[in-house]
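# Secondary and tertiary structure notes
This is what each chain is made of:
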There are 2 protein chains.
Amino acid sequence: MSPVYDRVALIGLGLIASSMFWAIKRAGLAGEVTGYARSEATRDTARRIGLCDRVCDSAAEAAEGADLVVLCVPVGAMGQVAAEIGPVLKPGATVSDVGSVKRAVIDAVGPHIPEEVHFIPAHPLAGTEHSGPQSGFAELYDNRWCLLVPTEGSDPQAVARLRALWEGMGANVEEMEADHHDLVLAVTSHVPHAIAYTMVGVADHLRRVTESEVIKYSAAGFRDFTRIAASDPTMWRDVFLNNREATLDILGRFTEELFMLQRAIRMGDETYLFDYFTRTRAIRRGIIEAGQDTDAPDFGRVKGKPA
Amino acid sequence: MSPVYDRVALIGLGLIASSMFWAIKRAGLAGEVTGYARSEATRDTARRIGLCDRVCDSAAEAAEGADLVVLCVPVGAMGQVAAEIGPVLKPGATVSDVGSVKRAVIDAVGPHIPEEVHFIPAHPLAGTEHSGPQSGFAELYDNRWCLLVPTEGSDPQAVARLRALWEGMGANVEEMEADHHDLVLAVTSHVPHAIAYTMVGVADHLRRVTESEVIKYSAAGFRDFTRIAASDPTMWRDVFLNNREATLDILGRFTEELFMLQRAIRMGDETYLFDYFTRTRAIRRGIIEAGQDTDAPDFGRVKGKPA
């Protein structure tokens, strides 16, 4: 594949950026990739493992002359980084990001982007429970969604180019409006994470059930929650603080609904419980029929160790 | 492997029983396996697919002369089945079950077990999102836990024999006291299921977010919930009604904890959020270190389709 951009700058070198680097290299999507991380230890690690063609000691140095600058820092840090690189951005360049919320990023970053630079927020729906410069791998985006959130007046050609980069990294790309993105993600990701964090916290407090037992017998249900709850604390703190309204809206609906279920259990309402579980099962069937998951009966089963 | 029991009777022919049958056959653990299901359609299916050596038209017929009778019906139906088979049980035989709660099963089944019959409740921690006679497979119990919950005065030799059967089916066996079992399972399985059901219900009600979008972009978090929420409605209704006290206790703790998190989001309490997420991440690390899960970065990633 021929390069989509001559020079790409990755600001912040965690799981998302390092996976982008390896995916860009895998497909030859950029002539040169520069990188910057705030922590000196991260920059040292990056240099040691060959992450980025050139690791710079400031965000401005990495961004200068780049055709595409991707902000891969926690949502709460985006505004400050944008302020630092704004003055050195090349006319005609594109600035994008990978944040899990979009309205807050647009509000924080937008004002720092010069007139003649394109600003096209993005959000790849991919991740693992790991973080840091050594956690990346080239396959992270393969067959995952990347949502582009063009701002008003985004240049269609610049959008098409960013789309080509993400598709080259293996992703399926769709466009979405910022507020709608934040609501959809609150439902599909942010609130489920809040819930998973909470359930893991409950188990931790419960001294009557020893930790080892909770862990040992957590095959169904709880262990999936712990996996979700292992994601990067800084990233998630910023997600909740920056998608506050949608998260609180959905959390409110969730607790109302949970109280209904709790009451049905307390009152012994057999019909409510049966009907409720039948309905949720039908939704799951819809997901399988939509081809968004497998119904293989032995999913995730690994031979040779307790699971 | 030589047979552990001459004759095993499986009452109820869903996922758990049908998997037991195939696992018993795989290892030659029983001379003959009889089966019974309340629904005629299920019995017809069982006969057609060769599930059980002999499918009977009543629970008593299946249980008569058996050395081991395993109750594989929903928890709420166990008492009635026990009443039906009690009179025909062979002296020296063992009655066991596979219910997800244990105290309620002991209370419901115990009174119907004759003096000279062993009653050893059990709970294999295994399952899929599927149910019915055709959903079983021989590998379901491989490297999964099966908890035996011997009642007061359970004969050690009878317990050892039941353990040999489960180990022969591939499971790792441990013993546990009934009330403790119910509390551990409330934390690791029952409440996580209640939460998953609820979150799927919330998404279903939310008309502003179209169903297709919720499904399409549900890669992280939500889709795991839908998988959990697809389990058998009758089984889960009975679990919640029969482990009411522990479930309500844990649900209460969960909502308290969730309100703390919700308040921190509303108040913008950065420190609380960061510390909370750091703590839950440490718990997850503990699970990986305990060898109860893998930290492979590309878990579950399948090439060739959006995920």
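So, how was this worked out
- Residues numbered from 1 in each chain as written.
- Chains lettered and ligands numbered in written order.
- Predicted model: local features only at pLDDT ≥ 70, side-chain atom pairs only at ≥ 80, totals over all residues.
- Heavy atoms only, no water.
- Helix = DSSP H or I, 4+ residues; strand = E, 2+ residues; numbered from the N terminus.
- Contact = heavy atoms within 4.5 Å.
- Areas by Shrake-Rupley, 256 points an atom, 1.4 Å probe, with all protein chains shown as cover.
- Pairing = 2+ DSSP bridges.
- Axes fitted to C-alpha atoms, helices over the stretch in contact; angles between N-to-C directions.
- Parallel < 35°, antiparallel > 145°, perpendicular 65-115°, else oblique.
- Left-handed = near helix turned anticlockwise from the far one by under 90°.
- Nonpolar A, V, L, I, M, F, W, Y, C, P; charged D, E, K, R; others polar.
- Buried < 20%, exposed > 50% of the residue type's maximum accessible area, 1.4 Å probe, protein only.
- Polar contact = N/O pair within 3.5 Å; in protein donor to acceptor, adjacent residues only side chain to side chain.
- Salt bridge = Lys/Arg side-chain N within 4 Å of Asp/Glu carboxyl O.
- Phe/Tyr/Trp six-rings, centres within 6.5 Å; stacked < 30°, edge-to-face > 60°.
- Right-handed = clockwise from strand over helix to strand, strands pointing away.

## A short note on the overall build of chain A
Looking only at helices and strands, one finds 12 helices and nine strands in chain A. Relative to all contacts within chain A whose residues are 6 or more apart in sequence, the contacts with residues 24 or more apart total 74%. Put simply, chain A shows about 11,400 Å² of open surface, and 49% of that area lies on carbon and sulfur atoms.

## A short note on the sheet that holds strand β7 (residues 122-124) of chain B
Residue and element names in this part refer to chain B. If you walk across this open sheet you meet the three strands as β7-β8-β9, and the pairing is mixed. With partners counted over all chains shown, the strands left at the sheet margins are β7 and β9 (172-175), one partner each. In this sheet, adjacent strand axes meet at a mean angle of 20 degrees when their direction is disregarded. One ladder, built from three bridges, connects β7 with strand β8 (residues 145-148); its direction is antiparallel. When the sheet's bridge partners are listed, H123 is paired in β8 with L147.

## Some words on the sheet that holds strand β3 (residues 54-55) of chain B
Residue and element names in this part refer to chain B. Read across the sheet, six strands follow the order β3-β2-β1-β4-β5-β6 without closing on themselves; strand pairing throughout is parallel. Each end of this open sheet is capped by a strand with a single partner; those strands are β3 and β6 (118-119). Packed onto the sheet, helix α1 (residues 15-27) meets β1 (5-11), β2 (30-36) and β4 (68-71) and runs at close to 165 degrees relative to β2. Where helix α6 (residues 156-168) meets the sheet, its contacts fall on β1, β4, β5 (94-97) and β6, and the angle it forms with β1 comes to roughly 75 degrees.

## Section: the packing of helix α11 (residues 244-267) of chain A against helix α11 (residues 244-267) of chain B
Running from amino to carboxyl end, α11(A) crosses α11(B) at an angle of 165 degrees, the nearest separation of the two axes being 11 Å. The angle between α11(A) and α11(B) places the two elements in the roughly antiparallel class. In this structure, α11(A) meets α11(B) at a crossing whose hand is left-handed. Facing α11(A), whose interface residues are R244(A), T247(A), L248(A), L251(A), F254(A), T255(A), L258(A), F259(A), Q262(A), I265(A), R266(A) and M267(A), α11(B) presents R244(B), T247(B), L248(B), L251(B), F254(B), T255(B), L258(B), F259(B), Q262(B), I265(B), R266(B) and M267(B). The residue inventory of the contact of α11(A) with α11(B), partitioned by class, reads 14 nonpolar, six polar and four charged.

## Concerning the side chain of T34(A)
All names here are of chain A. Checked against the element boundaries, T34 lands in strand β2 (residues 30-36). Residue T34 is classed as buried on the basis of its relative accessible area, which comes to 0%. In terms of polar contacts, T34 uses its side chain to reach the backbone carbonyl oxygen of A62, at 2.9 Å.

## Notes on the pattern of salt bridges
Pairing between side chains of opposite charge can happen when the charged atoms of each approach one another. Across all of its chains, the model carries 30 salt bridges over all chains by this definition. Each of R43(A), D44(A), R47(A) and D57(A) takes part in a single network of salt bridges with overlapping partners.

## Here's the deal with the packing of aromatic side chains
Applying the stated criterion to the full structure yields 16 aromatic pairs over all chains. Ring centres of Y272(A) and Y276(A) lie 5.7 Å apart, and the angle between their planes is 10 degrees; on these two criteria the pair is classed as stacked. Here Y276(A) and Y272(A) lie together in helix α12 (residues 270-289), a separation of four residues that amounts to about one turn. For Y272(A), a relative accessible area of 22% corresponds to the partly exposed category. Seen from their ring centres, Y276(B) and F277(B) are 6.4 Å apart, and the 75 degrees between their planes marks the pair as edge-to-face. The same class applies to Y276(B) as to F277(B), namely buried. Every member of this aromatic cluster is reached through a ring pair, and the members are Y197(A), W236(A), F240(A), Y272(B), Y276(B) and F277(B).

## Re the environment of G50(A)
All names here are of chain A. By secondary structure assignment, the location of G50 is in the loop between α2 (40-49) and β3 (54-55). On a C-alpha basis, the gap between G50 and L241 in space is 34 Å, while along the polypeptide they are 191 residues apart. In contact with G50, other than residues within four places in its own chain, are F21 and W22.

## Points about unusual backbone geometry
The residue N143(A) is not glycine, and still its phi comes out positive at about 60 degrees. In the Ramachandran plot, C52(B) falls in the positive-phi region, its phi being about 80 degrees despite a non-glycine side chain. By secondary structure assignment, the location of C52(B) is in the loop between α2 (40-49) and β3.

## Let's talk about the packing of helix α7 (residues 178-205) of chain B against α11(B)
All names here are of chain B. It is the contact of α7 with α11, at a shortest axis distance of 9 Å, that shows an interaxial angle of 60 degrees. When the interaxial angle is binned, α7 and α11 end up oblique. Crossing of α7 against α11: the hand is right-handed. Of the residues in α11, those in contact with D182, L183, A186, V187, H190, V191 and I195 of α7 are A246, T247, I250, L251 and F254.

## Topic: the pairing of β2(A)
Residue and element names in this part refer to chain A. Across the seven residues that make up β2, a large majority, five, are buried. As paired strands, strand β1 (residues 5-11) and β2 are joined by six bridges and run parallel to one another. Among the inter-strand pairings, A9 is bridged to a residue of β2, identified as T34. Between the parallel elements β1 and β2, the chain passes through helix α1 (residues 15-27) in a crossover that is right-handed. Bridge count for β2 against β3 is two bridges, and the pairing is parallel. Of the residues in β3, the one forming a bridge with T34 is R54. Since β2 and β3 lie parallel, the crossover through α2 that links them has a hand, and here it is right-handed.

## Considering the pairing of strand β8 (residues 145-148) of chain A
All names here are of chain A. Residues W145 and L147 of β8 are buried on one face, and the alternating residues C146 and L148, pointing to the opposite face, are buried as well. Where β8 meets strand β9 (residues 172-175), four bridges bridge the pair, whose relative direction is parallel. Bridge assignment links C146 to a residue of β9, and that residue is V173. Note that the unit made of β8, helix α6 (residues 156-168) and β9 has a crossover that is right-handed.

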